[in-house]
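A look at the structure
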Amino acid sequence: MKAAPPLLRPADLGEIDNFCDALWLEDGLAKATLDSYRSDLGRFARWLAEQNAEPLLDVRETTLTAFIAKISREIRASSQARHLSTLRRFYRWQVTRGRLVVDPTQKLLSPSLPSRLPKVMSEKQVDALLNAPNLDHPLGLRDRAMLETLYATGLRVSELVNLKQHEIGFNEGVLRVMGKGSKERLVPLGEVALDWLGEYLKNARPEIIKGQLSDAMFVTARGGAMTRQAFWQLIKRYAALAGIDPARLSPHVLRHAFATHLLNHGADLRVVQLLLGHSDISTTQIYTHVARERLKTLHAIHHPRG
């Protein structure tokens, strides 16, 4: 029988709670982000208790180094980097509020991460995916409207499934999105996506919801909003129907396609940053590498001296 993992010390648990509460109040971070911070800090605090080491606020650089060395043998470099980022933010916050004089993480080095470019869909593949739903069925019409909206706007899947009817301005041709950190942005829809949304609202949504009340834009037969998990499964199913490897397709890949295809057709990087809701343009710059690689491939294929 496995021994139960050591419990967090009450003082350490209190510090983690205070930190996460402050981030929620001051920065309005999403629940998933706060849960990630809480999980990472909880893992570190449990290890400290297991090792009978110093409490969170008294931790030494050597103790932190030992913890990072331990998890480096257990998890991927990207997860190590996330843990270290969490610890840095926690201890910097403690310094700013006067609980600590020195940040014990300041000399720690981040793990080197391999350069990872987003998976890319060609425009032909996007067309095949958008044409996959069965339009003779109300659910197929709903799914086509969702896929068209996702590709037209580059929304995060959580933003897509949480859309409300009143957030779509048909006259203005835009939708209002509440993104990460409770930041609102307006995103143009385009005529094609607007047409599919109108068709869905007129001929599919009433049939699906059957008189139930809901302000969700995309609904299920139970009357509730479509979930992230359910849409994830749908897009995998439509990938297979479109002749695309389902393992290489997710809602986020369609968001990547939105950004990459915009840049391929001459959009400005700052515009793409605003549309995606990135707070930092460095996050958006990865798409310039993708677009550049695509241009190299096209040049090699089509130029007589490629």
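Bear in mind that the values here come from a model prediction, so they are computed numbers and not experimental data.

1. Focus on the overall build of the chain
A count of helical and extended segments in the chain gives 14 helices and 3 strands. When each of the 306 residues of the chain is scored for burial, the buried share is 42%.

2. Here's the deal with the sheet that holds strand 1 (residues 168-169)
If you walk across this open sheet you meet the 3 strands as 1-2-3, and the pairing is antiparallel. Single-partner strands in this sheet number two, and they are strand 1 and strand 3 (184-188). Across 5 bridges, the pairing between strand 2 (residues 174-178) and strand 3 is antiparallel. Residue Val 177 lies in a different strand from strand 3, and its bridge partner there is Arg 185.

3. Let's talk about helix 2 (residues 31-50)
The terminal C-alpha atoms of helix 2 lie 28 Å apart, and with 20 residues this matches the ideal 28 Å at 1.5 Å per residue to within 8%. Every buried residue of helix 2 is accounted for by Leu 34, Tyr 37, Asp 40, Leu 41, Gly 42, Phe 44, Ala 45, Trp 47 and Leu 48. Where helix 2 is buried, its residues meet helix 1 (10-27), helix 3 (61-72) and helix 4 (77-96). Downstream of helix 2 by a residue or two, Asn 52 has a phi angle that is positive, lying close to 55°.

4. Concerning the environment of Arg 89
Assignment of secondary structure puts Arg 89 in helix 4. Note on Arg 89: relative accessible area 29%, which makes it partly exposed. Counting along the chain gives 70 residues from Arg 89 to Phe 19, while the straight-line C-alpha distance between them is 9.4 Å. Setting aside anything within four residues of it in sequence, one finds Arg 89 in contact with Phe 19, Leu 23, Asp 27, Leu 29 and Tyr 37.

5. Re the packing of aromatic side chains
Scanning all chains against the criterion turns up 8 aromatic pairs. On the basis of an interplanar angle of 85° and a centroid distance of 5.3 Å, the ring pair of Phe 19 and Phe 90 is categorised as edge-to-face. Taken together, the residues span a long stretch of sequence, with Phe 19 in helix 1 and Phe 90 in helix 4 at a distance of 71 residues. Exposure remark for Phe 90: the relative accessible area of 0% places this residue in the buried category.

6. So, the environment of Leu 13
Considering the arrangement of structural elements, one finds Leu 13 in helix 1. On the basis of relative accessibility, which here comes to 39%, the residue Leu 13 falls in the partly exposed class.

7. Notes on the side chain of Asp 40
Here Asp 40 is to be found in helix 2. Side chain to side chain, Asp 40 and His 83 meet in a polar contact 3.4 Å long. For Asp 40, the contacting residues outside a window of four places in its chain are Arg 82, His 83 and Thr 86.

8. Remarks on helix 8 (residues 191-203)
Helical geometry: 3.6 residues make up each α-helical turn, so side chains three or four residues apart lie on a common side. With 13 residues, helix 8 should reach 18 Å at 1.5 Å per residue; the first-to-last C-alpha distance of 18 Å fits that figure. Listed in full, the buried residues belonging to helix 8 are Ala 193, Leu 194, Trp 196, Leu 197 and Tyr 200. Buried positions in helix 8, seen along its axis, are confined to an arc of 165° and lie on one side of it. Of the exposed residues in helix 8, the ones pointing more than 90 degrees away from its buried face are Glu 191, Val 192, Asp 195 and Lys 202. Where the residues of helix 8 are buried, they touch helix 6 (138-153), strand 1 and helix 9 (205-209).

9. Points about the pairing of strand 2
Alternating residues of strand 2 divide into Leu 175 and Val 177, all buried, and Val 174, Arg 176 and Met 178, none buried. Where strand 1 lies against strand 2, 2 bridges are found, and the strand directions are antiparallel. Following the sheet pairing, Ile 168 is matched in strand 2 by Leu 175. Remark: 4 residues form the turn of the hairpin made by strand 1 and strand 2, two consecutive strands paired antiparallel; Gly 173 in that turn has positive phi of roughly 75°.

10. Here's the deal with the nonpolar core
Ranked by internal contacts, the top residues of the largest apolar core, which has 44 residues, are Met 121, Leu 129, Phe 218 and Phe 231. Elements represented by at least two residues in this core include exactly helix 5 (123-130), helix 6, helix 7 (157-161), strand 2, helix 8, helix 9, helix 10 (228-241) and helix 11 (251-264). Ignoring sequence-local partners within four residues, the contact set of Met 121 consists of Val 126, Leu 129, Ile 244, Leu 249, Val 253, Leu 254, Ala 257 and His 261.

11. Points about the packing of helix 2 against helix 4
Where helix 2 meets helix 4, the closest approach of the two axes is 9 Å, and the angle between their N-to-C directions is 90°. Judged by the inter-axis angle, helix 2 sits roughly perpendicular to helix 4. Residues Ser 36, Tyr 37, Asp 40, Leu 41, Arg 43 and Phe 44 of helix 2 pack against Arg 82, His 83, Thr 86, Leu 87, Arg 89, Phe 90 and Tyr 91 of helix 4. Taken together, the residues of the contact of helix 2 with helix 4 break down into 6 nonpolar, 3 polar and 4 charged.

What counts as what
Residues numbered from 1 in each chain as written. Predicted model: local features only at pLDDT ≥ 70, side-chain atom pairs only at ≥ 80, totals over all residues. Heavy atoms only, no water. Helix = DSSP H or I, 4+ residues; strand = E, 2+ residues; numbered from the N terminus. Buried < 20%, exposed > 50% of the residue type's maximum accessible area, 1.4 Å probe, protein only. Pairing = 2+ DSSP bridges. Expected span 1.5 Å × (residues − 1). Contact = heavy atoms within 4.5 Å. Phe/Tyr/Trp six-rings, centres within 6.5 Å; stacked < 30°, edge-to-face > 60°. Polar contact = N/O pair within 3.5 Å; in protein donor to acceptor, adjacent residues only side chain to side chain. Arc of directions from axis to C-beta. Core = buried A, V, L, I, M, F, W, Y, C linked by side-chain atoms within 4.5 Å. Axes fitted to C-alpha atoms, helices over the stretch in contact; angles between N-to-C directions. Parallel < 35°, antiparallel > 145°, perpendicular 65-115°, else oblique. Nonpolar A, V, L, I, M, F, W, Y, C, P; charged D, E, K, R; others polar.

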